[in-house]
Amino acid sequence: GAGVSQSPSNKVTEKGKDVELRCDPISGHTALYWYRQSLGQGLEFLIYFQGNSAPDKSGLPSDRFSAERTGGSVSTLTIQRTQQEDSAVYLCASSYRAGRETQYFGPGTRLLVL
Amino acid sequence: QKEVEQDPGPLSVPEGAIVSLNCTYSNSAFQYFMWYRQYSRKGPELLMYTYSSGNKEDGRFTAQVDKSSKYISLFIRDSQPSDSATYLCAMSIVGTDKLIFGTGTRLQVFP
């Protein structure tokens, strides 16, 4: 079946602009996670959604970052007033439910802030 | 100090070699351990997971956990060029949903 998809695959933007990154999880998966992967760094947890529960936003690095998940499916990660240090690969993952379930990752969105 | 430490490599080995990849961690509350493989420009994919100390084998791959030393390893036997990728360890505390990842070790297996 279809895996996790993300769009766009690449995004180049100018410092100060807002960007939106989209994630389509695997159908039927109730948990959705966003991570950031910078050069030389591991995956950094940003936020996760589980069903209709309030999201865990504890990993968001600043209030410029926000995410929403509509209808328990598609999620959008928004970065406002982008900075050069936001340049990274943003990865989305989904799992059947939160906890010890396997997380399936999308290919990521490569963001470059000039 | 990071919660999970992993040598970034790169590690270059000839085809057929046994590869040892390692991570150390500082939080004794970690109880769930995983290894992910990430090919270039792809998302990570789960290779193996384990909850307990000891060894777990799956084909050419063996995951080893030593909780007393806070040390986990992934061994790859008869390594192949197709094993060339970045290997990330990850772990979590039981009852939480966040994975803490190492930085990844880049492995190159040459023919």
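Residues numbered from 1 in each chain as written. Chains lettered and ligands numbered in written order. Predicted model: local features only at pLDDT ≥ 70, side-chain atom pairs only at ≥ 80, totals over all residues. Heavy atoms only, no water.

Draft legend 1. Focus on the overall build of chain B. From N to C terminus, chain B includes zero helices and 11 strands. Traced from its N-terminal end to its C-terminal end, chain B shows the element sequence β-β-β-β-β-β-β-β-β-β-β. Here chain B has a C-alpha radius of gyration of 13 Å; the compact-globule value for 111 residues is 13 Å, and the two agree. Based on the C-alpha atoms only, the size of chain B along its principal axes is roughly 40 × 30 × 20 Å. Within chain B, residue pairs in contact and separated by at least 24 positions form 54% of the contacts whose partners lie at least 6 positions apart. Of the accessible surface of chain B, which amounts to about 5,300 Å², a share of 49% is contributed by carbon and sulfur atoms. One finds the centroid of the 11 positive side-chain charges in chain B at a distance of 5 Å from the centroid of its 11 negative side-chain charges. (Helix = DSSP H or I, 4+ residues; strand = E, 2+ residues; numbered from the N terminus. Rg over C-alpha atoms; globule rule 2.2 N^0.38 Å. Contact = heavy atoms within 4.5 Å. Areas by Shrake-Rupley, 256 points an atom, 1.4 Å probe, with all protein chains shown as cover. Lys, Arg positive; Asp, Glu negative; His and termini not counted. Charge placed at Lys NZ, Arg CZ, Asp CG, Glu CD.)

Draft legend 2. Quick peek at empty space enclosed by the protein. Residues and elements named next belong to chain B. Under the definition given, this model contains two cavities of 30 Å³ or more. Quantified by volume, the second largest cavity comes out at close to 30 Å³. Lining the second largest cavity, in full, are Phe33, Met34, Trp35, Met48, Tyr49, Thr50, Ala63, Gln64, Val65, Ile72 and Ser73. Sorting the residues of the lining of the second largest cavity by element identifies β4 (30-38), β5 (45-50), β7 (61-66) and β8 (71-76) as the ones contributing at least two each. Here the lining of the second largest cavity is built from residues that sort into eight nonpolar, three polar and no charged. (1 Å grid on protein atoms, 1.4 Å probe; cavity = no way out; pocket = protein on both sides within 12 Å on 5 of 7 lines; lining within 4 Å. Points joined across faces, edges and corners; volume = space filled by probe spheres on them. Nonpolar A, V, L, I, M, F, W, Y, C, P; charged D, E, K, R; others polar.)

Draft legend 3. Broad picture of the sheet that holds strand β6 (residues 54-58) of chain B. All names here are of chain B. In spatial order, the strands read β1-β3-β8-β7-β6; together these five strands make up an open sheet with antiparallel pairing. At either margin of the open sheet sits one strand with a lone partner, and together these are β1 (4-6) and β6. Mean inter-strand twist for the sheet, computed between neighbouring axes without regard to direction, equals 20 degrees. Direction of pairing for β1 relative to strand β3 (residues 19-25): antiparallel, over a ladder of three bridges. Across the sheet, Val4 pairs through a bridge with Tyr25, a residue of β3. (Pairing = 2+ DSSP bridges. Axes fitted to C-alpha atoms, helices over the stretch in contact; angles between N-to-C directions.)

Draft legend 4. Focus on the pairing of strand β4 (residues 31-37) of chain A. Residue and element names in this part refer to chain A. The element β4 is largely enclosed, with a buried count of seven among its seven residues. Residues Ala31, Tyr33, Tyr35 and Gln37 line one face of β4 and the alternating positions Leu32, Trp34 and Arg36 line the opposite face, and both faces are buried. By the bridge criterion, seven bridges tie β4 to strand β5 (residues 43-50) in an arrangement that is antiparallel. For Leu32, the partnering residue across the bridge sits in β5 and is Phe49. Counting the residues that bridge the hairpin from β4 to β5 gives five residues, and of these Gly40 lies at a positive phi of roughly 80 degrees. Inspection of the sheet shows β4 paired to strand β8 (residues 88-95) by seven bridges, in the antiparallel sense. Bridge assignment links Tyr33 to a residue of β8, and that residue is Ala93. (Buried < 20%, exposed > 50% of the residue type's maximum accessible area, 1.4 Å probe, protein only.)

Draft legend 5. Quick look at the pattern of salt bridges. Applying the stated criterion across every chain, the model contains seven salt bridges over all chains. Here A:Lys17 ties to A:Glu14 by a salt bridge, and the two come within 3.7 Å at their closest N and O atoms. Overall, A:Lys17 belongs to the partly exposed group, its relative accessible area being 44%. Judged by relative accessible area, which is 48%, A:Glu14 ranks as partly exposed. We note a salt bridge from B:Glu57 to B:Arg77, for which the minimum N-O separation is 3.5 Å. You can see B:Glu57 sitting in strand β6 and its partner B:Arg77 sitting in the loop between β8 and β9 (85-93), a full 20 residues away along the chain. A residue is classified by how much of its surface remains accessible, and B:Arg77, at 28% relative accessible area, is partly exposed. (Salt bridge = Lys/Arg side-chain N within 4 Å of Asp/Glu carboxyl O.)

Draft legend 6. Structural view of the nonpolar core. B:Trp35, B:Ile72, B:Leu74, B:Tyr87 and B:Met91 are the most contacted members of the largest nonpolar core, which totals 24 residues. Ignoring any residue separated from it by four or fewer positions in sequence, one finds B:Leu74 in contact with B:Val19, B:Ser20, B:Leu21, B:Trp35, B:Leu47, B:Met48, B:Phe61, B:Thr62, B:Ala63 and B:Tyr87. Counting residues in hydrophobic clusters, the runner-up holds 20 residues, among them A:Val19, A:Leu60, A:Cys92 and A:Leu111. (Core = buried A, V, L, I, M, F, W, Y, C linked by side-chain atoms within 4.5 Å.)

Draft legend 7. Spatial organisation of the sheet that holds strand β1 (residues 5-7) of chain A. Residue and element names in this part refer to chain A. Taking strand neighbours across the sheet as the criterion, the four strands line up as β1-β3-β7-β6 in an open arrangement whose pairing is antiparallel. Only two strands of the sheet have a single neighbouring strand rather than two, namely β1 and β6 (65-69). With strand direction ignored, the average angle separating the axes of adjacent strands in the sheet is 15 degrees. One ladder, built from three bridges, connects β1 with strand β3 (residues 19-24); its direction is antiparallel.

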